Amino acid sequence: MGLNPPSAIKVSRHLIPAWHSIPNTSIQNKPLLIYHCAFEKSVSASQISNNLKKVDVVVPQWQYSMYRQTHFHSTTHEVLSVVSGRARLCFGGEDNPERVEPVIEAGDVMIVPAGVAHRLLEDLSGGFTMVGAYPKGKNWDMCYGAGDENENEIRSAISQLTWFDQDPIYGRDGPASQA
């Protein structure tokens, strides 16, 4: 299936404070999780999607790169599984001194809590592609931390979301279950 066991992966956990109108992890205090090498580097989009469907916590909805504009979601958490390529991403807002700028590659997975800003900084290999998935029954929105957005509504929406009862990649024994 291309999935490495939880004991074989390295997990990075990042709590990113609010920055201007971007809540980041400040509302729910759930970390941005990066699973390095969760899948084998040769994994296909269908293998990732099949794994997500088997665990049955999130629903795969698209296959694409990451937007180059800083954005976040207030209505759902997001699971991003890298199918191909290598890229430098930004989490937390590019002017935020506590931002995180990891290099991500095929096989890595990111669990992005609602409110955490993210964007593509640089596609290092060409063809950087991910499978994007969201918890069952949730629809994603696009927030930009712009002045015309209702910050109170955004914060309220994020505070009402529940966290994963199981890890979207590994089920009961995965890192997100303990976040």
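Residues numbered from 1 in each chain as written. Predicted model: local features only at pLDDT ≥ 70, side-chain atom pairs only at ≥ 80, totals over all residues. Heavy atoms only, no water.

1. Comments concerning the UniProt feature "domain: Cupin type-1" (unreviewed entry) in the chain
The following threshold applies: UniProt positions are given in the numbering used here, feature names are shortened, and annotations may be inferred rather than shown by experiment. Per the convention used, a helix needs a DSSP run of H or I reaching at least four residues, while a strand needs a run of E reaching at least two, with both numbered from the N terminus.
Here the UniProt-annotated "domain: Cupin type-1" (unreviewed entry) positions come out as residues 68-118. Span residues 68-118 is 0% helix and 41% strand, its end C-alpha atoms 9 Å apart.

2. Observations concerning a nonpolar patch on the surface
The line we're drawing: The patches reported here contain residues having more than 30% relative accessible area and no salt bridge. Joining distances are 9 Å for like charges and 5 Å for nonpolar side chains (Val, Leu, Ile, Met, Phe, Trp, Tyr). Per-residue and other accessible areas follow the Shrake-Rupley method at a 1.4 Å probe size, with only the shown protein chains counted as cover for residues. For this document, the term salt bridge refers to a Lys or Arg side-chain nitrogen within 4 Å of an Asp or Glu carboxyl oxygen. Exposure is judged per residue with a 1.4 Å probe applied to protein chains only, and the accessible area is read against the type maximum: over 50% gives exposed, under 20% gives buried, and values in between give partly exposed.
A contiguous nonpolar patch, built from Tyr64, Tyr67 and Trp140 and spanning about 320 Å² of accessible area, is present on the exposed surface. Assignment of secondary structure puts Trp140 in the loop between strand 9 (129-135) and helix 2 (151-159). Looking at Trp140, the relative accessible area reads 34%, which means it is partly exposed.

3. Quick look at the nonpolar core
Heads up, the condition is: Nonpolar cores were defined as sets of buried Ala, Val, Leu, Ile, Met, Phe, Trp, Tyr and Cys residues, with membership established by side-chain atoms within 4.5 Å. Contacts between residues were defined by any pair of non-hydrogen atoms, one from each residue, lying within 4.5 Å.
Counting 23 residues, the largest nonpolar core has Tyr35, Val79, Val109, Ile111 and Ile169 as its most contacted members. Elements supplying a minimum of two residues to this core: strand 2 (32-36), helix 1 (45-55), strand 4 (78-84), strand 7 (109-112) and strand 9. Sorting elements by how many residues they give to this core places helix 1 first, with four residues. In contact with Tyr35, not counting residues within four places along its chain, are Ile9, Lys10, Val11, Gly107, Asp108, Val109, Ile111, Asp167, Ile169, Tyr170, Pro175 and Ala176.

4. Description of empty space enclosed by the protein
This is how it is decided: A 1.4 Å probe that fits but cannot get out identifies a cavity on a 1 Å grid over protein atoms alone, an open set with protein on both sides within 12 Å along at least five of seven lines counts as a pocket, and a residue lines either if it has an atom within 4 Å of a point. Grid points are joined across faces, edges and corners, and a volume is the space filled by probe spheres set on the points. Three residue categories are used. Nonpolar comprises Ala, Val, Leu, Ile, Met, Phe, Trp, Tyr, Cys and Pro, charged comprises Asp, Glu, Lys and Arg, and polar comprises the others, including Gly.
One pass over the full model with this rule turns up one cavity of 30 Å³ or more. Space inside the largest cavity adds up to approximately 30 Å³. Looking at the largest cavity, the residues that line it are Asn24, Thr25, Ile27, Gln28, Lys30, Pro113, Ala114 and Ile158. Each residue belonging to the lining of the largest cavity can be placed in one class, and the counts come to four nonpolar, three polar and one charged.

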